Amino acid sequence: MRITCLHTADSNIAVFETTAQALGLGQHQFLHISRPDLLAAAEQAGGLTDEIRQQTADVLLALSENADRVLLTCSTLGPAATLASESAAVPVLRVDQALAEQAMKTPGQVVALCAVETTLEPTRQLFMLVENHPLAQLEMRLVPGAWEKFKQGDLAGYLQTIAAAADAEYRKGAACVVLAQASMTGAAQLTQTGTPLTSPACGLRAALA
């Protein structure tokens, strides 16, 4: 199967390659396209505008012409995958859809951690739309200072900050902690008090299913 991933951070290419290897998906062909400009535009606009959503959907549609699955790995731009899927001949998926579905099956407090402010609202909307356990309670959290570290190229500091925030939520009683952005994935291996859910593993499994 040919799976094309649209990223908005170059570092996410390695994240998805590593996840694919860990899941034993070596028989599938992965193509990675990185468009940091799309996320930068959304950040500059203060969120996902209709114009950026359409622009991203157009990119996804173009990629779908030579793929069996297209996976949008940016949570801020997630709604663009829904738009593109309306006219694409192959499935166009947002990587955090399966993440939301799995998380909201948890009874109790579900805490979704975001590093960049533009991801908060698309993530909240997605998590509220999926089928949920009657006792699931969603809380959104922005991890202070994390995105600045990421943009400065301090990936280790970024992941440590995320891991510390996840541990703090577990200690406060969270039943499930979610790392809402694919770039946060490595922090799941640094936590001490629980193992957060991450989007690449959930998203790749969903793409193949």
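Everything numeric here is computed off the predicted structure, so don't read it as measured data. (Residues numbered from 1 in each chain as written. Predicted model: local features only at pLDDT ≥ 70, side-chain atom pairs only at ≥ 80, totals over all residues. Heavy atoms only, no water.)

Colleague: For this particular structure, what's the right way to read the packing of helix α1 (residues 11–22) against helix α9 (residues 199–208)?
Modeller: In a pair of packed helices, the angle between the axes and the distance between the axes together describe the arrangement. Two numbers describe how α1 lies on α9: the axes approach to 10 Å, and their chain directions differ by 60°. Considering only the axes of α1 and α9, their crossing is right-handed. In contact with V15, F16, T19 and A20 of α1, α9 contributes P200, A201 and L204. Its residues assigned to classes, the contact of α1 with α9 comprises six nonpolar, one polar and no charged. (Axes fitted to C-alpha atoms, helices over the stretch in contact; angles between N-to-C directions. Helix = DSSP H or I, 4+ residues; strand = E, 2+ residues; numbered from the N terminus. Left-handed = near helix turned anticlockwise from the far one by under 90°. Contact = heavy atoms within 4.5 Å. Nonpolar A, V, L, I, M, F, W, Y, C, P; charged D, E, K, R; others polar.)

Colleague: Which parts of the structure should I look at to understand the side chain of D167?
Modeller: Along the chain, D167 falls in helix α8 (residues 155–171). Here D167 sits buried without a salt bridge, and the closest side chain of opposite charge, R171, lies 4.9 Å off (N-O distance). Polar side-chain contacts of D167 include one of 2.9 Å to the backbone nitrogen of Q192. Those residues within four positions of D167 in sequence are excluded, and the remaining contacts are L190, T191, Q192, T193 and G194. (Buried < 20%, exposed > 50% of the residue type's maximum accessible area, 1.4 Å probe, protein only. Lys, Arg positive; Asp, Glu negative; His and termini not counted. Salt bridge = Lys/Arg side-chain N within 4 Å of Asp/Glu carboxyl O. Polar contact = N/O pair within 3.5 Å; in protein donor to acceptor, adjacent residues only side chain to side chain.)

Colleague: What is the right way to read the packing of helix α2 (residues 36–45) against helix α3 (residues 50–64) from this model?
Modeller: Axis separation between α2 and α3 bottoms out at 10 Å; the angle between their running directions is 170°. The pairing of α2 with α3 is recorded here as roughly antiparallel in orientation. Note on element contacts: α3 touches α2 through I52, Q55 and T56, opposite L38, A41, A42 and A45. Of the residues belonging to the contact of α2 with α3, the class tally is five nonpolar, two polar and no charged. (Parallel < 35°, antiparallel > 145°, perpendicular 65-115°, else oblique.)

Colleague: Would you mind showing me how to read helix α6 (residues 120–129) here?
Modeller: Because an α-helix completes one turn every 3.6 residues, residues spaced three or four positions apart along the sequence face the same direction. Within the sequence span of α6, burial applies to P122, T123, L126 and F127. Along the long axis of α6, the arc covered by the buried residues comes to 125°, so they all point the same way. Facing away from the buried side of α6 by over 90 degrees, the exposed positions are M128 and L129. Check the buried side of α6 and you find it contacts α4 (79–85), β4 (92–94), α5 (97–103), β5 (108–114), β6 (136–142) and β7 (176–179). (Arc of directions from axis to C-beta.)

Colleague: Just to check I follow, could you spell out the nonpolar core for this structure?
Modeller: Across soluble globular proteins, you tend to see nonpolar side chains buried next to one another. Residues L60, L72, L113, Y158 and I162 are the most contacted members of the largest nonpolar core, which totals 43 residues. When residues of this core are traced back to their parent elements, those giving at least two are α2, α3, β3 (69–72), α4, β5, α7 (146–151), α8 and β7. Of the residues forming this core, the biggest block, seven residues, is contributed by α8. Once you skip the residues sitting within four places of it in the chain, L72 turns out to touch L6, T56, L60, L77, G78, A80, A81, L93, R94 and V95. (Core = buried A, V, L, I, M, F, W, Y, C linked by side-chain atoms within 4.5 Å.)

Colleague: For this particular structure, what's the right way to read the layout of surface pockets?
Modeller: Regions of empty space are outlined by a rolling probe, equal in size to a water molecule, passed over the atoms. If you add up the space inside the largest pocket, you get close to 430 Å³. Forming the walls of the largest pocket are 24 residues, and the residues nearest its centre are T19, T185, G186, Q189 and T198. The element best represented in the lining of the largest pocket is α1, accounting for seven residues. Here the residues of the lining of the largest pocket sort into twelve nonpolar, eleven polar and one charged. For the second largest pocket, the calculated volume is near 180 Å³. In terms of lining, the second largest pocket is formed by 13 residues, of which the most central are G47, L48, P79, E121 and P122. (1 Å grid on protein atoms, 1.4 Å probe; cavity = no way out; pocket = protein on both sides within 12 Å on 5 of 7 lines; lining within 4 Å. Points joined across faces, edges and corners; volume = space filled by probe spheres on them.)

Colleague: Just checking my understanding: could you explain the pairing of β3 for this structure?
Modeller: Every regular strand shows the same layout, with side chains that alternate between the two sheet faces. Residues of β3 alternate between two faces, with R69 and L71 on one and V70 and L72 on the opposite face, all of them buried. Relative to β3, strand β1 (residues 2–7) is paired through four bridges, and the arrangement is parallel. The residue bridging L6 from the neighbouring strand is L72, located in β3. The pairing of β3 with β4 spans three bridges and is classified as parallel. From the neighbouring strand, L72 faces β4, where its bridge partner is R94. (Pairing = 2+ DSSP bridges.)

Colleague: I keep staring at empty space enclosed by the protein and nothing clicks. Help me out?
Modeller: One pass over the full model with this rule turns up one cavity of 30 Å³ or more. The wall of the largest cavity is formed by 15 residues, among which T8, N12, C74, Q181 and S183 lie closest to the centre. Taken together, the residues of the lining of the largest cavity break down into seven nonpolar, eight polar and no charged.

Colleague: I keep staring at the packing of aromatic side chains and nothing clicks. Help me out?
Modeller: Between two aromatic rings, the relevant description is the distance of the centres plus the angle of the planes. If you walk through the whole model with that rule in mind, you get three aromatic pairs. Ring geometry for W147 versus F150: centroids 4.6 Å apart, planes at 10°, classification stacked. Placement of both W147 and F150 in helix α7 is noted, with a separation of three residues, approximately one turn of the helix. The class of W147 is buried, set by a relative accessible area of 8%. For F150, a relative accessible area of 15% gives the class buried. Taking 4.9 Å as the distance between ring centres and 55° as the angle between the ring planes, the aromatic pair formed by F150 and Y158 counts as tilted. Taken together through their ring pairs, the aromatic side chains of W147, F150 and Y158 make up a single cluster. (Phe/Tyr/Trp six-rings, centres within 6.5 Å; stacked < 30°, edge-to-face > 60°.)

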